[in-house]
Each structure stands twice: as C-alpha cells, then as structure tokens.
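# A structural walkthrough
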Amino acid sequence: MAILPILEVPDPRLKTISTPVESFDADLKKLVDDMFETMREYAGIGLAGPQVHEGLRLFVAGVSAGVLPDALSDAADMPFVTLINPEVTFVGPPDKTGWEGCLSIPDMRGLVPRAAEIRVQAYDRTGKPLAFGASGLPARVIQHETDHLDGVLFFDRMASLDTLT
C-alpha cells in the first residue's frame, strides 16, 4: 500500500465531474487500499478519487472497522466503507447546518447545509450492490464525498462565506 498525494485547491481537477467506474479489477482494489491508507495517514473521515488524482466515481469513508448496517447514524461508529458509483437521495431538505473541513482545503472549516437523512445506492470494491440509509454525521460525510465526484467543494455549498474559518 502507499500514501497517495492529495490535490489541494485551487487545482482545477477538483472541479471536474468524475467518470463512472466500469472495471472492478485488481488495480481498483489497490487504489481503494491506498486511499484508505492515505485517509488514515491524514486523519480524514473520507477521501474521494478526485482528491488523489483519480477522476473516478468512488470514495472511501469511515472511522472504524465493522460491518455496514442497514442504516448509519451518529449513534454508531461509521464503519470503513467503499462506495463506487454512488447515488444519493435526500430523505429531507438540505437544511441541517454543520461544520465541515476537507483534506483538499487544509486548515479551513465552514458551516455547510446538508440533508439530515439520505438513502444510498452504490457498489462495494468487488462490484456487489449496496443500499442503506444514513443520518447525522455519516450522511454529511457521504454527501461531502459525493460532491467531490461532481466537482463540488464544501465552500460551494455554504450559504455564506462568513463562517469560513
């Protein structure tokens, strides 16, 4: 495994829409392993393909080893997950504001509105379909990382840059 270099703003590749993953091969599995190692090295809770020079629709996230339940919430530790070609559906409006940071925007935080609850459909690292719900912090992380796949950074979602700190 390897620690991958992380793109930082203002690199234009962070604003590019990612390409769907089509092959669940050994190269993809190595990339996922390297992304997890990189995320842990930099004390992140999520890391998307575009952040590590890979314009693919995938991200890794989580805080501890465990099995992915049918629903993630603040009440449980978010297990390490790999989400490939994710589709996120809001259960409610994106009206819950919370602090966010990003490994591609070092030392900056801002208040970002997000949906408090979402439904997720994706594939795991082997190509197996996943479907689950998420609320609270896991929902925020998944929305943040999915935004990276669409070339959106957290400050693009902020109602006002006044809270950028």
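The text that follows walks through the structure, step by step, so that each part is easy to find. Please read all numbers here as calculations on a predicted model, not as lab measurements.

## Points about the pattern of salt bridges
Applying the stated rule across the entire model yields nine salt bridges. With a closest N to O distance of 2.8 Å, Arg114 and Glu100 form a salt bridge. Of this pair, Arg114 sits in strand S6 (residues 105–114) while Glu100 sits in strand S5 (residues 96–102), and the two are 14 residues apart along the sequence. Residue class for Arg114 comes out buried when judged on its relative accessible area of 3%. For Arg114, the salt bridge identified is with Asp147, shortest N-O distance 2.7 Å. Of this pair, Arg114 sits in strand S6 while Asp147 is found in helix H2 (residues 136–149), placing the two residues 33 residues apart along the sequence.

## A short note on unusual backbone geometry
Most of the time, phi is negative for any residue but glycine, and the peptide bond is trans. The residue after Val9, namely Pro10, is reached through a cis peptide bond having omega 15°. Here the phi dihedral of Asn85 falls at roughly 50°; this positive angle occurs in a residue that is not glycine. Position of Asn85 among the secondary structure elements: in strand S4 (residues 81–90). Owing to a relative accessible area of 16%, Asn85 belongs among the buried residues under this scheme. A positive phi angle is found at Asp107, which is not glycine, with a value near 65°. Relative to the elements of secondary structure, Asp107 occurs in strand S6.

Reading the values: rules and limits
- Residues numbered from 1 in each chain as written.
- Predicted model: local features only at pLDDT ≥ 70, side-chain atom pairs only at ≥ 80, totals over all residues.
- Heavy atoms only, no water.
- Salt bridge = Lys/Arg side-chain N within 4 Å of Asp/Glu carboxyl O.
- Helix = DSSP H or I, 4+ residues; strand = E, 2+ residues; numbered from the N terminus.
- Buried < 20%, exposed > 50% of the residue type's maximum accessible area, 1.4 Å probe, protein only.

Taken by themselves, the reported measurements are silent on function.
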